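The residues making up each chain are set out below.
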Amino acid sequence: MKNVNRKNQLYFDFGRDYEANLENFFFASKNNILRSEIIGLLEGASSQKLFITAKSEGGKTFLLNSLLNHEKIKDVQSIYVDVSSLKNDKNYLDGLSSFDLICLDNIHKMEKNLEIQIFNLINECKATSSNIIIASNAQPNELNYLADLISRLNEFKRFRINEIDDEDIIACIEFITHRLDLKFSAEVIEYLSVRVRRDFFSIKKTLQDFDKFLYSEKKQPTKISAASFLKSYLN
């Protein structure tokens, strides 16, 4: 990594998930435009500036790590920075504009001293072909930061990782059961679909816990066993 010493690399490594896989990220129908942007980055797009928001546990960190882990990114200079982990006045972002892909996560929780550093980094990236993705739980205008920084962030293409809605819930459950190799019938999936929370990680955990319940109780996945599981699970 250019201009990044070993000590800084340890800081930047905080929060990095090297097991995250883009094939395990479910793009709801309302997120298809974001999906197209991610594919564009994988296909070699440059000078892209994306601002991604999501609720807590909404998948933004997983998405960033999945992108950085992709085989098409391995030969480019890329870096993930959880800016909420940078706690002193050192300029950790100096020189990052030389990277091909820069992912800054949790900007909504950063220290005030980082505002100018990020503002300067964005300006430096204007003169390079760097792709920069910034992720947050809040939109730029909801952040209490320097006006100049907010102005720069508003220049980014903005996307929101939408929660799973009713039209996507069955597709999401089918996606997860396929990835986890769970053999649930369409009837069971439909039964679960009207009873689970509408965020990906809650759905995944519910399905995994249901599978464990079936194993421990030596039951088959049916509407009756699902009802028995949910009766105690949701209370």
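Structure first, text after, so check above.
Residues numbered from 1 in each chain as written. Predicted model: local features only at pLDDT ≥ 70, side-chain atom pairs only at ≥ 80, totals over all residues. Heavy atoms only, no water.

**Let's talk about the packing of helix α6 (residues 169-180) against helix α7 (residues 186-193)**
Point 1. With their axes 9 Å apart at the nearest point, α6 and α7 run at an angle of 125° to one another. With respect to α7, the element α6 is oriented oblique. Between α6 and α7 the crossing geometry is right-handed. Listed contacts from α7 to I169, I170, I173, E174 and T177 of α6 are I189, L192 and S193.
Point 2. Among the residues making up the contact of α6 with α7, the classes are represented as five nonpolar, two polar and one charged. (Axes fitted to C-alpha atoms, helices over the stretch in contact; angles between N-to-C directions. Helix = DSSP H or I, 4+ residues; strand = E, 2+ residues; numbered from the N terminus. Parallel < 35°, antiparallel > 145°, perpendicular 65-115°, else oblique. Left-handed = near helix turned anticlockwise from the far one by under 90°. Contact = heavy atoms within 4.5 Å. Nonpolar A, V, L, I, M, F, W, Y, C, P; charged D, E, K, R; others polar.)

**As for the environment of E71**
Point 1. With respect to the helices and strands, E71 occurs in the loop between α3 (60-69) and β2 (78-82).
Point 2. Along the chain, E71 and L42 lie 29 residues apart, while their C-alpha atoms are 9.0 Å from each other.

**With respect to the nonpolar core**
It is characteristic of soluble globular proteins that their nonpolar side chains tend to be buried jointly.
Point 1. One finds I102, L104, I107, I118 and I134 to be the most contacted residues of the largest nonpolar core, which totals 28 residues.
Point 2. Those residues in contact with I134 that lie beyond four places of it in its chain are L50, F51, I52, L104, I107, I118, I122, L153 and F156.
Point 3. Of all hydrophobic cores here, the second largest spans 23 residues; its members include V188, F210, L214 and L230. (Core = buried A, V, L, I, M, F, W, Y, C linked by side-chain atoms within 4.5 Å. Buried < 20%, exposed > 50% of the residue type's maximum accessible area, 1.4 Å probe, protein only.)

**Topic: the pattern of salt bridges**
Between side chains of opposite charge, a pair can form as their charged atoms come close.
Point 1. Enumeration over the complete set of coordinates arrives at 14 salt bridges.
Point 2. Among the salt bridges present, the one from K157 reaches E37, with a minimum N-O distance of 3.3 Å. One end of the pair, K157, is in strand β5 (residues 157-160); the other, E37, is in helix α2 (residues 32-42), with 120 residues separating them in the sequence.
Point 3. Residue classification places K157 among the partly exposed positions, given a relative accessible area of 39%.
Point 4. Note on E37: relative accessible area 18%, which makes it buried.
Point 5. K126 serves as the salt-bridge partner of E155, at 3.1 Å between the closest nitrogen and oxygen. One end of the pair, E155, is in the loop between α5 (147-153) and β5; the other, K126, is in the loop between α4 (114-125) and β4 (131-136), with 29 residues separating them in the sequence.
Point 6. Here the salt bridges share partners, and the residues they tie into one network are K126, R152 and E155. (Salt bridge = Lys/Arg side-chain N within 4 Å of Asp/Glu carboxyl O.)

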